[in-house]
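Residues per chain, in single letters:
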Amino acid sequence: SGPCAGLHHKAMLRSETMKRGTLVLPAERAELFVEVLGKEAFLEIIDMNSTSMQRQYRRQLQRIDELERQLRRMGELLDEAIPETPPPANVAAFLEHSHRFRLEDVEREVQSSYNQLMKFQDNNEALKAQEQRAIEERFVAFVASTALAQTSSVPVPENDAALAAESLLAHAAGGLQIKLGTIAGVISSASAHRFAATIFRATRGNTYTHFQAIPAKLRDAHGVLVNKSVFAVYFQGVATSRMSQQVSRICDAFGCNLYEWPADATAARRRVAQLEDLVNDKKQAMSAFDRFLEEEGRALLEVPGGGKNSKLCEWHLFLRKAKAVFATLNLFEGSTTLRADCWYPANEEEAIRTLLMRQSHAHGCSSSPMLLSSTFGSDVCPPTYLRSSDLVSPFQQLVDTYGVPRYKEINPAVFTTVTFPFIFGIMYGDVGHGLILSLFGVRLCYASAESKESLLGSLFFARYLFVLMGFFSVYAGLMYSDFLSVGLNLFGSSYAEQPQTPQQEKDGITEFQLNGAPYPFGVDPVWHGSQNELLFVNSLKMKLSVLFGVAQMFLGNCLKIANSINGRNPIDLFFEAIPQTLFLLCFFGYMDWMIMYKWVLPIEQMPASDRPSILNTMITMFMAQDNKQPLYEGQAGFQNILLLVLVCCVPLMLIPKPILLWQAFQRKQLAAQVRRAQFDDLELQEYGNSESETLSAELSEEFDVGEIVIHQLIETIEYVLGTVSHTASYLRLWALSLAHGQLAAVILQKILLPAFAAPLPWNGLAIFCAFPLFALATTGILCFMDVLECFLHALRLHWVEFQSKFYHADGKEFAPFRLVTVLTDHE
């Protein structure tokens, strides 16, 4: 909102100052005020009915649920008629005129459209059922016409089952005139064999069943297309005989559709013609329904100009908005006047009150809404409200996955925006691979209009994350002078080739010496391909990993000092934050300084026996031994001072804090007892029961000294040991950078270089075949698997090694009621 526009940079580093208040709304206009606050203010409503579970607006929510069900059903029907994908909803355009909608009006319109569609749908389903039965009866009549036509001809064809059965029955009757009954219908072809066997056993073989497969698939009772067959059961007797009733019951048990068997062939052919006309009529009626459904769908889905939404989309958005408003109103207590506690940014308090008064005057409310500020105790932690931006948002999600910052705690995402892609780039350093990653991020920047279900659309929020990871990978690649594992020579080597001695010429060794100023930036290209390249690069990357790791941990300690100062907590400042920082600096900070100091010393000019070793220096420092190869003058005395500070930091972190916390608790208890005595003596009734309850709560507090001492002991041991383990953990930068470089070299040397080395004219064909394999291996292994690996390791370094120095991550995120968020999240 407007009043906060100049405070975004501060709200990114720490949470905005939050205030707690009580929102009072008149019940007759409560829906209006909540909607306006959801559009223009930032308020988090606290549930006042969490224990009683009294929800005044549950009936409205039930009505909305029913309307949403009707809209979903209408949407399903319209999707079948119009399979086009509707455009995304314009939430901003809807919110501009959302106040014009009323639940009763929308309910009436939705129910009217729904009832009309359902009426036509029911008629259409009835037409489909009638068409289905007409088609089945048409096949039955067709089979009957064929069978009855053959019955009148002589002789009886032996291949016709019905006539053969009739002939057999007539012969068994000894020439007597016996009336044959027939029950015909349609059954699933999968059940035909079981049906015939059941009929045969139930009638003791006194029937004959004939089947004729239907060439087209028909729908069963569940609407599934299956193969069906026409059956005819011949038996001795009439339609009312016991045999007929027994066969009919079996047909019902199998779910058969029974149809009348024509008296003769002429009646059968006449019935086939009638059924043909009936099927055509049903198809025309169903076509009319399809046209109606399409026209109705076009009217509901038509999007007017000016960035507006379709009518169906407007209904959906309104119901979601109304549902969110009524769900928020359920958090209030009261009947004629609704009340609820809330959290809001302190700098928006006056703006919220002005908004409420303006709406009250505009609608002529009998009672005015109010926002009453209130205080909260030290045991209540306000929610954390951090502003964000498109650049910081993906890094904020990485931090929030670990935990939300505590109120007024420094937000690690501000620093992670730079350190995370930088740490990733150190592990993934290569100019070529970094450019691929950066170009992918740039492509994502233009994917805003694509569907969120697509790959690019789902990664759109992380576009700047990919761009920055690629940028720092290019930076690290320039520092390593690597381009797809090929050395870069941008400024010309600073080394000159030296004349070979006879032995070097015999061994094929060429020696290079530094000639003039060092290489301006990065590793001198002369190291690429040299015999001692791996030894030199390993040493360089290992030391860089330790340098960057200690620097990031030192940043974490500095942020802990800043948190202690901002929280006005001198105990944590002087007996945790500062001793921890001194411990890190006197230990690994000193080691990092020696690494950088040794880089600028002319080591090559010293005798091999006098060259200092950082490892030996650290060992002699902690073992209090003489260093035979000192790095600088006065090293022993300075290291003794560092060792003394290092040793003093441990008891400083361990002992004072529990004692000071115990003393602070005693002072608090003594002050509470004094206030309690004054309260009892003066009988200050104006304070009521709240003051008495507060004093009772303070006096009943307990302080477990043993638990505090054990906790502080664990914290001290964890930090001392963690300083060593965390520094060693940063060596993964060296390991993954080395693995990335060697893997890229293997892919190049084993796939592409042999193709270049092929003889003419086969090298052209070899390159043509090898390059797709090289591109596939580079993309699949280095640009996908290795990116994921480096990403996870960078995430671990931030969550464990960096954030553990200062980050509590036990805050509660500020969740204001915002209609834009509610409607957008549903899309």
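Residues numbered from 1 in each chain as written. Predicted model: local features only at pLDDT ≥ 70, side-chain atom pairs only at ≥ 80, totals over all residues. Heavy atoms only, no water.

Caption draft 1: Structural context of the overall build of the chain. Of regular secondary structure, the chain possesses 27 helices and 14 strands. Relative to the 2.2 N^0.38 estimate, which gives 28 Å for 827 residues, the radius of gyration of the chain is 42 Å and therefore markedly larger than a compact globule would have. Taken along its principal axes, the extent of the C-alpha atoms in the chain is 135 × 105 × 60 Å. Counting across all 827 residues of the chain, residues that qualify as buried make up 43%. Once local pairs closer than 6 in sequence are excluded, the contacts in the chain between residues at least 24 apart make up 78%. For the chain, the accessible surface area stands at approximately 44,700 Å², while carbon and sulfur atoms represent 59% of it. Treating the 69 positive side-chain charges of the chain as one cloud and the 86 negative ones as another, the clouds have centres 6 Å apart. (Helix = DSSP H or I, 4+ residues; strand = E, 2+ residues; numbered from the N terminus. Rg over C-alpha atoms; globule rule 2.2 N^0.38 Å. Buried < 20%, exposed > 50% of the residue type's maximum accessible area, 1.4 Å probe, protein only. Contact = heavy atoms within 4.5 Å. Areas by Shrake-Rupley, 256 points an atom, 1.4 Å probe, with all protein chains shown as cover. Lys, Arg positive; Asp, Glu negative; His and termini not counted. Charge placed at Lys NZ, Arg CZ, Asp CG, Glu CD.)

Caption draft 2: Structural detail: the sheet that holds strand β1 (residues 18–26). With antiparallel pairing, the four strands of this open sheet are ordered in space as β2-β9-β1-β10. Edge strands, defined here as strands with exactly one partner in the open sheet, are β2 (44–45) and β10 (370–374). Pairing of β1 with β10 involves five bridges; the strand directions are antiparallel. Residue pairing for β10: G21 is matched across the bridge by S373. (Pairing = 2+ DSSP bridges.)

Caption draft 3: Focus on the sheet that holds strand β4 (residues 207–213). Pairing is antiparallel across the open sheet formed by four strands, whose spatial order is β4-β7-β3-β8. Both outer strands of the open sheet, β4 and β8 (257–259), are each paired with one neighbouring strand and no more. With direction set aside, neighbouring strand axes in the sheet form an average angle of 25°. Here seven bridges tie β4 to strand β7 (residues 228–236), and the two strands are oriented antiparallel to one another. (Axes fitted to C-alpha atoms, helices over the stretch in contact; angles between N-to-C directions.)

Caption draft 4: Local environment of the environment of E44. Counting through the fold element by element, E44 comes out in strand β2. Classification of E44 by relative accessible area gives buried; the value is 9%. Taking C-alpha positions, E44 is 9.6 Å from R20, a pair spaced 24 residues apart along the chain. Apart from the residues lying within four places of it in its own chain, the contact partners of E44 are D341, C342, W343, P383, K812, E813, F814, A815 and P816. At a separation of 3.2 Å, a polar atom in the side chain of E44 contacts the main-chain amide nitrogen of A815. (Polar contact = N/O pair within 3.5 Å; in protein donor to acceptor, adjacent residues only side chain to side chain.)

Caption draft 5: Representation of the packing of aromatic side chains within the structure. Under the criterion given, the structure shown has 36 aromatic pairs. Seen in terms of ring centroids, W662 and F665 are 6.2 Å apart; in terms of plane orientation they differ by 35°. Their pairing is tilted. With W662 and F665 both in helix α22 (residues 656–682) and three residues apart, the pair spans about one turn of that helix. Note on W662: relative accessible area 34%, which makes it partly exposed. Members of the aromatic cluster, joined through ring pairs, are Y402, W799, F802, F806 and Y807. Sitting over the face of the ring of F42, R387 holds its NZ or CZ atom 5.5 Å from the ring centroid. For K541, the ring lying beneath its charged end belongs to Y480, and the centroid distance is 4.3 Å. (Phe/Tyr/Trp six-rings, centres within 6.5 Å; stacked < 30°, edge-to-face > 60°. Lys NZ or Arg CZ within 6 Å of the ring centre and 35° of its normal.)

Caption draft 6: Structural detail: the nonpolar core. One finds F420, F424, Y428, M469 and F791 to be the most contacted residues of the largest nonpolar core, which totals 78 residues. The dominant element in this core, judged by the number of residues it contributes, is helix α26 (residues 762–802), at twelve residues. Setting aside residues no more than four positions away along its own chain, F791 makes contact with L398, F420, F424, L465 and M469. Counting residues in hydrophobic clusters, the runner-up holds 60 residues, among them I45, I64, V91 and W315. (Core = buried A, V, L, I, M, F, W, Y, C linked by side-chain atoms within 4.5 Å.)

Caption draft 7: Highlighting the pairing of strand β9 (residues 337–345). With seven of nine residues buried, β9 lies mostly within the body of the structure. As defined by bridge partners, β1 adjoins β9 across nine bridges and the pair is classed as antiparallel. The partner of P26 across the bridge, within β9, is T337. Judged from the two bridges that link them, β2 and β9 form a sheet pairing that is antiparallel.

Caption draft 8: Region of interest: a nonpolar patch on the surface. On the surface, Y475, L490, F491 and F521 cluster together into a nonpolar patch covering about 390 Å² of accessible area. Summarising the element assignment, F521 is placed in the loop between β14 (512–514) and α18 (533–566). The partly exposed category is assigned to F521, whose relative accessible area is 31%. (Patch = residues over 30% accessible without salt bridge, like charges linked within 9 Å, V, L, I, M, F, W, Y side chains within 5 Å. Salt bridge = Lys/Arg side-chain N within 4 Å of Asp/Glu carboxyl O.)

Caption draft 9: Geometry of the pattern of salt bridges. Per the stated rule, a full pass over the model turns up 27 salt bridges. Across the pair R463 and D390 runs a salt bridge, and its minimum N-O distance is 3.3 Å. Here the residue R463 occupies a position in helix α16 (residues 463–480), and D390 occupies one in the loop between β10 and α12 (393–402), the gap between them amounting to 73 residues.

Caption draft 10: How the structure looks around the confidence of the model for the chain. For the chain, per-residue confidence averages 86 on the pLDDT scale, and 90% of positions sit at 70 or higher. Within the model, pLDDT remains below 50 along residues 154–177, and this stretch shows 19 contacts once partners closer than five positions in the same chain are excluded. Across residues 684–690 the pLDDT falls below 50, and counting only partners more than four positions away or on other chains, this stretch makes three contacts in the model. (pLDDT = per-residue confidence, 0-100.)

Caption draft 11: Expanded view of helix α24 (residues 705–729). Along its 25 residues, α24 runs 34 Å from first to last C-alpha, staying within 8% of the 36 Å computed at 1.5 Å per residue. Of all the bends found along α24, the most pronounced is centred on G722 and spans about 35°. Among all positions in α24, only Q712, T716, Y719, G722, T723, H726, T727 and S729 are buried. (Expected span 1.5 Å × (residues − 1). Bend = angle between axes of the 7 residues up to and from the residue.)

Caption draft 12: Fine view of the side chain of R20. Summarising the element assignment, R20 is placed in strand β1. A distance of 3.4 Å separates polar atoms of two side chains, one belonging to R20 and the other to D341. Beyond its immediate sequence surroundings of up to four residues, R20 is in contact with I46, D341, C342, W343, Y344, S373, S374, F376 and V380.

Caption draft 13: Expanded view of the packing of α18 against helix α25 (residues 732–756). Here α18 crosses α25 at 145°, and the two axes come no closer than 8 Å. The handedness of the crossing between α18 and α25 is right-handed. Side by side, α18 and α25 meet where L534, N538, K541, M542 and S545 of the first sit next to L733, W734, S737, L738 and Q742 of the second. For the contact of α18 with α25, the per-class residue count stands at five nonpolar, four polar and one charged. (Left-handed = near helix turned anticlockwise from the far one by under 90°. Nonpolar A, V, L, I, M, F, W, Y, C, P; charged D, E, K, R; others polar.)

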